[in-house]
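Listed below are the residues making up each chain.
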Amino acid sequence: MSRSMFDDIDGAPAGLMEAADSRTLRLSAHPLTPAELEGLFRYQEAFLAHMEQAAVAHDAFATAHQLGLQASGLAVKVVELGNALLRAYSGQRWTARKVRSRLAELEKQTDAVSVEKARKARDELHRIEDLEPLARRYGQEAIDLLNQHEDRLVALHTRMQKALTRP
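Sequence order as written defines residue numbering, which begins from 1 separately in each chain. Given that this is a predicted model, residues contribute local features only at a pLDDT of at least 70 and side-chain atom pairs are listed and counted only at 80 or more, while totals for whole chains, interfaces and linings are drawn from all residues. Each side-chain value is derived from all of the structure's non-hydrogen atoms; neither hydrogens nor water enter the calculation.

Colleague: Could you clarify how one ought to interpret the packing of aromatic side chains in this entry?
Modeller: When we look at a pair of aromatic rings, we describe it by the centre distance and by the angle of the planes. Working definition: a ring pair exists when centres of Phe, Tyr or Trp rings (six-membered ring for Trp) sit within 6.5 Å. Plane angles under 30 degrees give stacked, over 60 give edge-to-face, the rest tilted. Under the definition given, this model contains two aromatic pairs. Ring geometry for Phe 47 versus Phe 61: centroids 5.4 Å apart, planes at 80 degrees, classification edge-to-face. With Phe 47 in helix α2 (residues 34–51) and Phe 61 in helix α3 (residues 60–72), the pair connects residues that are 14 residues apart, well separated along the chain. A relative accessible area of 2% places Phe 47 in the buried class. Look at Phe 61 and you get partly exposed, because its relative accessible area is 48%. Strands here are runs of E lasting at least two residues and helices are runs of H or I lasting at least four, both read from the DSSP assignment and numbered beginning at the N terminus. When accessible area is computed with a 1.4 Å probe and restricted to protein chains, residues below 20% of their type maximum are described as buried, those above 50% as exposed, and intermediate ones as partly exposed.

Colleague: Explanation requested: the environment of Ile 128 in the structure shown.
Modeller: With respect to the helices and strands, the residue Ile 128 is situated in helix α5 (residues 112–128). Residue Ile 128 is classed as buried on the basis of its relative accessible area, which comes to 7%. Residues Ile 128 and Thr 95 lie 33 residues apart in sequence; the distance between their C-alpha atoms is 7.5 Å.

Colleague: Help me understand α5, please; the structure alone is not making it clear to me.
Modeller: Every α-helix winds through 3.6 residues per turn, so residues three or four apart in the chain are directed the same way. To estimate how far a helix should reach, multiply one less than its number of residues by 1.5 Å. For α5, with 17 residues, the first-to-last C-alpha span of 24 Å sits near the 24 Å given by 1.5 Å per residue. Every buried residue of α5 is listed here: Ser 114, Ala 118, Ala 121, Leu 125 and Ile 128. One face of α5 carries all of its buried residues, which in axial projection span an arc of 85 degrees. Along α5, exposed side chains directed more than 90 degrees from the buried face belong to Ala 112, Lys 120, His 126 and Arg 127. By definition, residues are in contact when any of their heavy atoms lie within 4.5 Å. Of the surrounding secondary structure, the elements contacted by the buried residues of α5 are α4 (76–107). The directions considered for the arc are those from the helix axis to the C-beta atoms.

Colleague: Before we go on, may I ask you to explain the layout of surface pockets in this structure?
Modeller: Sizing a probe to match a water molecule and rolling it over the atoms shows the empty space that remains. Think of a 1 Å grid over just the protein atoms. A cavity is a set of points where a 1.4 Å probe fits yet cannot get out, a pocket is an open set with protein on both sides within 12 Å along at least five of seven lines, and lining residues have an atom within 4 Å of a point. Grid points are joined across faces, edges and corners, and a volume is the space filled by probe spheres set on the points. As a volume, the largest pocket reaches approximately 240 Å³. As for the largest pocket, its lining consists of 16 residues, and the residues nearest its centre are Gln 44, Asn 83, Arg 87, Met 160 and Leu 164. Among the elements of the structure, α2, α3, α4 and α8 (150–165) are those that each provide at least two residues to the lining of the largest pocket. Here the element with the most residues in the lining of the largest pocket is α8; it accounts for six residues. For the lining of the largest pocket, the residue count by class is eight nonpolar, six polar and two charged. Counting residues per element, the ones that place at least two in the lining of the second largest pocket are α4, α5 and α6 (132–138). Residues are grouped as follows: Ala, Val, Leu, Ile, Met, Phe, Trp, Tyr, Cys and Pro are nonpolar; Asp, Glu, Lys and Arg are charged; every other residue, Gly included, is polar. Here the lining of the second largest pocket is composed, by residue class, of three nonpolar, three polar and three charged.

Colleague: I'm lost on the confidence of the model for the protein in this one. Help?
Modeller: Low pLDDT means the predicted atomic positions in that stretch should not be read closely. Scored by pLDDT, the protein comes out at a mean of 87, with 84% of its residues at no less than 70. Confidence drops under a pLDDT of 50 for residues 1–8, and excluding neighbours within four residues, the segment shows 15 contacts in the predicted structure. pLDDT gives the predictor's per-residue confidence on a scale running from 0 to 100.

Colleague: Before we go on, may I ask you to explain the nonpolar core in this structure?
Modeller: The tendency in soluble globular proteins is for nonpolar side chains to be buried as a group. Residues belong to one nonpolar core when they are buried, are Ala, Val, Leu, Ile, Met, Phe, Trp, Tyr or Cys, and are joined through side-chain atoms within 4.5 Å. Core analysis: the biggest nonpolar cluster contains 30 residues, and Leu 32, Leu 37, Leu 85, Tyr 89, Ile 143, Leu 146 and Leu 153 have the highest contact counts within it. Elements represented by at least two residues in this core include exactly α2, α3, α4, α6, α7 (140–147) and α8. Per-element tally for this core: the top contributor is α2, with seven residues. Ignoring sequence-local partners within four residues, the contact set of Leu 32 consists of Leu 37, Leu 40, Leu 85, Ala 142, Leu 145 and Leu 146. If you look at the next biggest cluster of nonpolar residues, it comprises eight residues, including Leu 103, Leu 106, Ala 121 and Ile 128.

Structure representation (structure tokens):
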């Protein structure tokens, strides 16, 4: 269960500042509804359908964004706020999957270097899999909703990264 957005992380000055920042950001966060998530899925699918074409024009991003907005049925502000949440969540889940995969490779090896790398990977994985900071920022309800669609979100995230970084 997520802590209250008014609970401090710890007593350290950095922890207090992080807690204050999370509280402030949480108060300004847009609550994500299941209907809005479906609209965001439609946005990303329409966006990607255009961007993943073999040859796209110089205005492809603008056109893809417009097509995505039309498909989503959502206001621009809702799409932008929702996409920020989806990028944060999906990026973190994608990274956790990559670290888990690398950890599995390292655990098959027995040399000292691999053992040390595996230890570091376990520590990093523990940090990356912690969704508490996202819950403080966006609300536990939003994270619970996204958790129900993790595979689809990570797949869209992967496609989006490829589409946006291709030459």
